[in-house]
Amino acid sequence: MKLESTKINQEQNTTLDTNRPAIRLSQSQLDINDSDLSVVFQDFQGNILKSHGRSHSRHLFLKFNTDLVRNREWVGKIASRLTSALEQHQTSLDFKETGNEHLFTGFMLSYSGFKALGIEDKNIPDDKAFRAGMKDVEFRYDTGPGGLHKRTINPLNDHLENWEEPFKQNIDALLILAYGGESLESKKSENYLDEAVEKIKAEIEGTATILSIEKGYTLRNGKGKVIEHFGFADGISNPVFFKSDFQSWEEKEGTDLYDPSAPFGLLAVNDPGGRSAVNSFGSYFVYRKMQQNIKGFNDQTKQFASLLSDAVGREIDSEFAGALAFGRFKDGTLVANSNQNTKSLLNNFNYDEDIEGLGCPFQSHIRKTNPRGDTNRKSQVPMHSERNHRIARRGISYGSKEMSPSSEWTDAGLLFLSCQSDIEQQFLVMQCAWSDNPNFLNEGTGTDPITGWQNAKPDKAAKKWQLQIDGKKVSIDFSYRDLVKIRGGEYFFAPSISFCKALNLNHS
Ligand code: HEM
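- Going by the annotation in an unreviewed UniProt entry, the name recorded for the protein chain is Peroxidase, with Flavivirga algicola given as the source organism.
- Its UniProt record, at the heading Cofactor (unreviewed entry), says of the protein chain: "heme b".

1. A short note on the site of the ligand
Here is step 1: For the ligand, the set of nearby residues contains 25 residues, the closest of which are Ile236, Ser237, His365, Arg372 and Arg393.
Here is step 2: Within the side chain of His365, one N or O atom sits 2.9 Å away from a nitrogen atom of the ligand.
Here is step 3: The contact in question runs from an oxygen atom of the ligand to an N or O atom on the side chain of Asn370, over 2.8 Å.
Here is step 4: Elements supplying a minimum of two residues to the shell around the ligand: strand E8 (281-292), helix H11 (365-369), strand E11 (412-420) and helix H14 (424-435).
Here is step 5: When grouped by side-chain class, the residues that make up the shell around the ligand number 12 nonpolar, 8 polar and 5 charged.
Here is step 6: Three or more residues apiece are contributed to the shell around the ligand by two domains, here domain 1 (42-289 + 490-504) and domain 2 (293-389 + 429-485).

2. Concerning the coordination of the iron atom of the ligand
Here is step 1: Coordination of the iron atom of the ligand by the protein involves just one donor, His365 (NE2), at a distance of 2.1 Å.
Here is step 2: Relative to the assigned elements, His365 resides in helix H11.

3. Topic: the pattern of salt bridges
Here is step 1: In this structure the tally under the stated criterion is 27 salt bridges.
Here is step 2: With a closest N to O distance of 3.0 Å, Asp194 and Arg58 form a salt bridge. Taken together, the residues Asp194 in helix H7 (residues 186-204) and Arg58 in strand E1 (residues 56-64) connect sequence positions 136 residues apart.
Here is step 3: What makes Arg58 buried here is its relative accessible area of 1%.
Here is step 4: The salt bridge partner of Lys135 is Glu490, with a shortest N-O separation of 3.6 Å. Placement of the pair is Lys135 in the loop between helix H5 (128-132) and strand E3 (140-141) and Glu490 in strand E14 (residues 484-494), with a sequence separation of 355 residues.
Here is step 5: By relative accessible area, Lys135 is classed as partly exposed at 21%.
Here is step 6: On the basis of relative accessible area, Glu490 is assigned to the buried category, the value being 6%.
Here is step 7: Sharing partners across several salt bridges, the network here consists of Asp352, Asp354, Arg367, Asp374 and Arg377.

4. So, the state of the cysteines
Here is step 1: Applying the stated rule across the entire model yields 0 disulfides.
Here is step 2: In this structure Cys419 is not part of a disulfide, and its nearest cysteine sulfur, from Cys500, lies 15 Å away.

5. Concerning the packing of helix H9 (residues 294-312) against helix H10 (residues 318-326)
Here is step 1: Between H9 and H10, whose axes approach to 8 Å, the crossing angle comes to 105 degrees. Relative to H10, the element H9 is oriented roughly perpendicular. Between H9 and H10, the contacting residues are Phe297, Thr301, Lys302, Phe304, Ala305 and Leu308 on the first element and Ser318, Ala321, Gly322, Leu324, Ala325 and Phe326 on the second.
Here is step 2: Among the residues making up the contact of H9 with H10, the classes are represented as 8 nonpolar, 3 polar and 1 charged.

6. Things to note about the domain arrangement of the protein chain
Here is step 1: Split by domain assignment, the protein chain resolves into domain 1 (42-289 + 490-504) and domain 2 (293-389 + 429-485).
Here is step 2: Taking only C-alpha atoms into account, the centre of domain 1 sits 29 Å from that of domain 2.
Here is step 3: Taken residue by residue, the interface counts 30 residues in domain 1 and 34 residues in domain 2.
Here is step 4: At the junction of domain 1 and domain 2, the tally comes to 1 salt bridge.
Here is step 5: Linking Arg387 and Asp259 is a salt bridge whose minimum nitrogen-to-oxygen distance equals 3.6 Å.
Here is step 6: In this assembly, domain 1 and domain 2 are joined by 15 residue pairs in polar contact (both at pLDDT 80 or more).
Here is step 7: Listing elements by their share of the side of domain 1 that touches domain 2, those giving two or more residues are helix H8 (243-253) and E8.
Here is step 8: Considering only residue class, the side of domain 1 that touches domain 2 consists of 12 nonpolar, 10 polar and 8 charged.

7. Re the pairing of strand E13 (residues 472-477)
Here is step 1: Two strands pair when backbone bridges link them, and strand E12 (residues 464-469) and E13 are joined in this way by 6 bridges, in the antiparallel orientation. Within E13, the residue paired with Ile469 across the bridge is Lys472.
Here is step 2: The turn joining E12 and E13, which pair antiparallel and follow one another in sequence, is formed by 2 residues; a positive phi near 55 degrees is taken by Asp470.

8. Some remarks on the packing of aromatic side chains
Any pair of aromatic rings gets described here by the distance separating the centres and the angle formed by the planes.
Here is step 1: One pass over the structure, following the stated rule, counts 31 aromatic pairs.
Here is step 2: Put simply, the rings of Phe230, Phe232, Phe297, Phe304, Phe326, Trp465, Phe478 and Tyr480 pair up and form one aromatic cluster.
Here is step 3: The ring of Trp409 is capped by Lys485, whose NZ or CZ atom sits 4.3 Å from the centre of that ring.

9. Here's the deal with the confidence of the model for the protein chain
Here is step 1: Summary statistics for the protein chain give a mean pLDDT of 91 and a share of 92% for residues scoring 70 or more.
Here is step 2: For the stretch residues 1-16, pLDDT sits under 50, and the model shows 49 contacts to residues farther than four places along the chain or on other chains.

10. Details of H7
Here is step 1: A rise of 1.5 Å per residue sets the reference length of H7, with its 19 residues, at 27 Å; its end C-alpha atoms lie 27 Å apart and thus fit the reference within 8%.
Here is step 2: Here H7 has its buried residues at Ser189, Tyr192, Leu193, Ala196, Val197, Ile200 and Ile204. Down the axis, H7 shows its buried residues gathered within 140 degrees of arc, on one side only. For H7, exposure combined with an orientation more than 90 degrees from the buried face picks out Lys187, Glu195, Lys199 and Ala202.
Here is step 3: The positive-phi residue at the C-terminal boundary of H7 is Gly206, with phi of around 85 degrees.

Parameters and conventions
- Here the residue numbering is sequential within each chain, running from 1 through the sequence in written order.
- Where totals are concerned, whole chains, interfaces and linings use all residues; where local detail is concerned, this predicted model gives features only for residues with pLDDT of at least 70, and gives and counts side-chain atom pairs only at 80 or more.
- Note: side-chain values were computed over all heavy atoms of the structure, leaving out hydrogens and water.
- UniProt positions are given in the numbering used here, feature names are shortened, and annotations may be inferred rather than shown by experiment.
- Whether a residue is near a molecule or strand depends on its heavy atoms: if one lies within 4 Å, it is near.
- In protein, a polar contact requires one atom able to donate a hydrogen and another able to accept it; more generally it is a pair of N or O atoms within 3.5 Å, and residues adjacent in sequence count only if both atoms are side-chain atoms.
- Put simply, DSSP H or I for four residues or longer makes a helix, DSSP E for two residues or longer makes a strand, and each gets a number counted from the N terminus.
- Each residue gets one label: Ala, Val, Leu, Ile, Met, Phe, Trp, Tyr, Cys and Pro are nonpolar, Asp, Glu, Lys and Arg are charged, and the others, such as Gly, are polar.
- Residue ranges for the domains trace back to a domain assignment, done automatically or taken from a database.
- Because no water is among the atoms considered, metal sites can look incomplete, with donors defined as N, O and S atoms within 2.8 Å of the metal, or 3.2 Å for Na, K and Ca.
- The salt bridge definition used is simple: a Lys or Arg side-chain nitrogen within 4 Å of an Asp or Glu carboxyl oxygen.
- Classification of residues uses two cut-offs on accessible area relative to the type maximum, computed with a 1.4 Å probe and protein chains only: under 20% is buried, over 50% is exposed, and between them is partly exposed.
- Disulfide assignment relies on a single distance test, namely cysteine sulfur atoms paired within 2.5 Å.
- Every angle, taken between N-to-C directions, lies between 0 and 180 degrees, and every axis is a line fitted to C-alpha atoms, over only the stretch in contact when it is a helix.
- Orientation labels follow simple angle bins: below 35 degrees gives roughly parallel, above 145 gives roughly antiparallel, 65 to 115 gives roughly perpendicular, and whatever is left gives oblique.
- Note on contacts: a residue pair qualifies if any of its non-hydrogen atoms lie within 4.5 Å across the two residues.
- Pairing between strands requires that DSSP locate at least two bridges from one strand to the other.
- Classification of ring pairs rests on two measures: the distance between centres of Phe, Tyr or Trp rings, Trp counted by its six-membered ring, which must be within 6.5 Å, and the angle between planes, read as stacked under 30 degrees, edge-to-face over 60 and tilted in between.
- In this scheme, the term charge over a ring applies when either NZ of a lysine or CZ of an arginine sits within 6 Å of the ring centre and within 35 degrees of the ring normal.
- By definition, pLDDT measures how confident the predictor is in each residue, and it falls between 0 and 100.
- Expected span of a helix: the number of residues minus one, times 1.5 Å.
- The arc refers to the directions leading from the helix axis to the C-beta atoms.

The structure is reproduced here in C-alpha cells:
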C-alpha cells in the first residue's frame, strides 16, 4: 500500500461566483457532487460535515509569538494544505478505490488566536462562549434551552487546577493532522504522522510554540467496530448532513422513527473574514480532553449488576447493567424492553413506546444527550427546537489501549470534539441543562452516569433507576461516580480556507 498525501483537485474551479448565495443554512441532505455547492465545499474545512475518517491523529496546540506578520504568513502558508470538505470527500473515494492514504489537515483558532493574528474585531466570529474562552469560569451563561433561565457562571463546573499544564496556558490555535485507514497498521500511520509533526515543528520555529501534542487513534473492538474506552460502540448516532449518508440509513434500517438529517446551519455560520460574505463558512469547535476511569466503570457496573440481580431475583450480568448506563449495549444495540420492536435498530428509534423510561432509562447517556422527542412529550417543546440542540461529534480516543486495567485513572480517554453553530445553545445545553441536570427529564431522574458526574452532588447523581425487567417494575438506588475527568479544553472556530489564505496577503 502506498503512503501518499497527494492533493486532489484542491484548486479546481477558482472562478466561482462568490457573491451569489449557493447554499441556505436551512438546507439539509446536501449533495457533495452538486457543482453549485462546490464554491462552499472548497472553502469549508473537512471534519465538520462529516468525520475525516482517518484512524490516527495529532492535535497540535499552538501559542503564537508576538510577530504578527510572521504569524499571518505561517497561517497563510498552511492554508494551502488544509483539507476542504470537498477534498475530504475526494480523498475518501480515492482511498476506497486505490487504497491510497491521504493526510487530513485541519486548523482552528481560539479568540486569542484571532487577536494574535491582528484580526479586526468585526471579522472575528461572535459566539459568546467562543469569545469568553473555556477558561473564563466567571462568564455567565444561560444554559436553559431557549435561553429562558437564570444566567450562571462556570456551568461546566470546570476545576482548572486539575487541568494538565499545557491547557492552563493561553491556547491560540489547534492544528489537526490525521492519517491512516482501517487496513493500515498503527505503526505506519504513527510514523507518518510523527514525520509530518517534525515538518510542522521546523516550519513554525520562531513563529509559534507547541504547547501540547495529543495523539488520537480509533479504538476498535475484535469485530472492527469503533469503540470508546469503556468498550461501547461509538460514533453511531450523529446528525447527517449529506443526502448519500441519509439514504444509506434509509436503506439499512429506515428513517421513519428517527430522522438523522440536519440542516447545514446546525454547525455552519458565515465566516466574517472569509472570501465571500455569502459562501464562506466556518464552525465552532468544543475541545475537551476527557480521561476515563475504566476500572471504575467496570467495578461499579459489577456492583450495579448485583443490585439489579437482587431486585429481579435472577442473575443480571454486567453487560446489561452497563447498557443501562449508556442506553446501548456494547455492540451498539438499544437497551429496551423486550416487547419493543426497536431493539435491533441502531438509529431508527425513538422513545414513543417507552415514555416512562422503563426500557432505556431517562438518565442513560444517549437519552440525556438526545431525548428524541421526550422534551416535546414532557414540556411541549417543538421537535425542531429540541433537534436544534444537536451537535456533531468528531472525537477520537487517546492513551493506553488496555481495556481491563488493574488501577483506576489510567492515561486513557476521549479527545472530545464537537462542532456546532452556537456553543451555548448546543454543547452547553446538552452538557449542563441535560446531562448534568438531575431533574432532566423528570424530577429525580439523576445525572448522566457517564458525563454528568461533574455537577453531581452525592444526593443528585444518577440514583433512582426505574426499570422494567422480565415484565416486573423495579426501582434501584445506585450512583455511578467519577467516571470521567476533564484534563483541559478550549473553544475554537474553524475558519474558511479563504480566510486563512488571505492572511499573508493583507493585514486587516
Ligand atoms: C468520555 C466521555 C464520553 C464517552 C465515553 C461517550 C460515549 C458515548 C457512546 C458509547 C455513545 C453511543 C454511541 C453513539 O450513539 O454514537 C455516545 C453517544 C452520544 N454522546 Fe457521548 N460520550 C462521552 C462524552 C460525551 C459528551 C461530553 C457529550 C456532549 C455533551 C456527548 C454526547 C453524545 C451524543 C449527542 C450522543 C448520541 C446520542 C444519540 O443521538 O442517540 N458524549 N457517547
